[in-house]
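Here are the chains, one letter per residue:
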Amino acid sequence: MDLVDLSAFLEDNSKNCVIGSDAPESCKSLPCWLGIDEAGRGPVLGPMVYGTCYSPLEKKDKLKEMGFADSKTLSEEQREDRFQTISDNPDVIGWMIDILSPNFISTSMLRRSKYNLNAVSHDSAIGLIRKVLDKGANIAEVYVDTVGDPAKYQAKLCSIFPDLKITVAKKADATYPIVSAASICAKVFCTSCRLHVTEW
């Protein structure tokens, strides 16, 4: 698939890799909402991918017009089309993905100290929020598709990012277009990674 550039990950797929767009200038000056979702948790083979998208709050209607929906309800071709839409609108929406290698996941599960997939997921989400903030994005609201108990996860994120309005919810990817966009990014990259699995 030529839609995404995995060269940074494929150079050493035993390590995690973060790939993303530049932060849109509008996202630096205007208050934004940010969504997070994951792909690849189920299958044993291949990486887990966490995606985030962010966009000015005043562009919410434009995101709806772009046709974002939960990536699980879309065909592979539709997901690719939506990701192309994201790529074609760098002034409206920024994105970032965190690819967690199978090696990292296996090592995490075998640690003597407890570090399960939920903890891995939480840490990836926290890392993505911090990286987007470090890019200078003016994030005001965060929406996350829950992993584990939503109330506990939300309280955890609020304690780390007290200045942000954070919502953690079940099926957030089907409720909030910005999470839907993040879901699409995660799924497109996850599918692309798995196309290379025979080369690993």
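Refer to the structure presented above.
So, a few notes on the structure that sits alongside this text.

What follows concerns the overall build of the protein. Along the backbone of the protein there are nine helices and six strands. Going through the 200 residues of the protein one by one, you find that 50% of them count as buried. Within the protein, residue pairs in contact and separated by at least 24 positions form 79% of the contacts whose partners lie at least 6 positions apart. Just so you have it, the protein exposes about 9500 Å², and 49% of that area is on carbon and sulfur atoms.

Okay, the environment of isoleucine 86 next. Its place among the elements puts isoleucine 86 in helix α4 (residues 76-87). As a C-alpha pair, isoleucine 86 and alanine 182 span 96 residues in sequence and 10.0 Å in three-dimensional space. With sequence-adjacent residues up to four places away left out, isoleucine 86 is seen in contact with Cys53, Phe68, Ile93, Trp95, Ala181 and Cys185.

So, on to the sheet that holds strand β4 (residues 94-100). Taken together, the six strands give an open sheet; going across it, the order is β1-β4-β3-β2-β5-β6, and neighbouring strands pair in mixed fashion. Across the chains shown, the open sheet's two edge strands, defined by having one partner strand only, are β1 (17-20) and β6 (165-169). Across the sheet, the axes of successive neighbouring strands diverge by a mean angle of 15°, strand direction being ignored. The pairing of strand β2 (residues 32-39) with strand β5 (residues 139-145) spans five bridges and is parallel. Looking at the pairing, tryptophan 33 lines up with glutamate 141 of β5. Contacts from helix α7 (residues 150-160) reach β5 and β6 within the one sheet, and its direction differs from that of β6 by about 155°. Sitting on the sheet, helix α9 (residues 177-195) touches β1, β2, β3 (48-56), β4 and β5, and the angle it makes with β2 is about 35°.

With that settled, consider the packing of α4 against α9. In contact at an axis separation of 9 Å, α4 and α9 are set at 115° when each is read in the N-to-C sense. Judged by the sense of rotation from one axis to the other, the crossing of α4 with α9 is left-handed. For the pair α4 and α9, contact is made by Glu76, Arg79, Glu80, Arg82, Phe83 and Ile86 and by Ala181, Ile184, Cys185, Lys187, Val188, Phe189 and Thr191, respectively. Split by residue class, the contact of α4 with α9 holds seven nonpolar, one polar and five charged.

It is worth spelling out the pattern of salt bridges at this point. This structure, assessed with the given rule, holds one salt bridge. Between glutamate 25 and lysine 28 there is a salt bridge; the shortest N-O distance is 3.4 Å. You can see glutamate 25 and its partner lysine 28 sitting in helix α2 (residues 25-29), three residues apart, about one turn around the helix. Taking the relative accessible area as the measure of exposure, glutamate 25 reaches 59% and is therefore exposed. Classification of lysine 28 as partly exposed rests on a relative accessible area of 38%.

Here is what the cut-offs are and how they apply
Residues numbered from 1 in each chain as written. Predicted model: local features only at pLDDT ≥ 70, side-chain atom pairs only at ≥ 80, totals over all residues. Heavy atoms only, no water. Helix = DSSP H or I, 4+ residues; strand = E, 2+ residues; numbered from the N terminus. Buried < 20%, exposed > 50% of the residue type's maximum accessible area, 1.4 Å probe, protein only. Contact = heavy atoms within 4.5 Å. Areas by Shrake-Rupley, 256 points an atom, 1.4 Å probe, with all protein chains shown as cover. Pairing = 2+ DSSP bridges. Axes fitted to C-alpha atoms, helices over the stretch in contact; angles between N-to-C directions. Left-handed = near helix turned anticlockwise from the far one by under 90°. Nonpolar A, V, L, I, M, F, W, Y, C, P; charged D, E, K, R; others polar. Salt bridge = Lys/Arg side-chain N within 4 Å of Asp/Glu carboxyl O.

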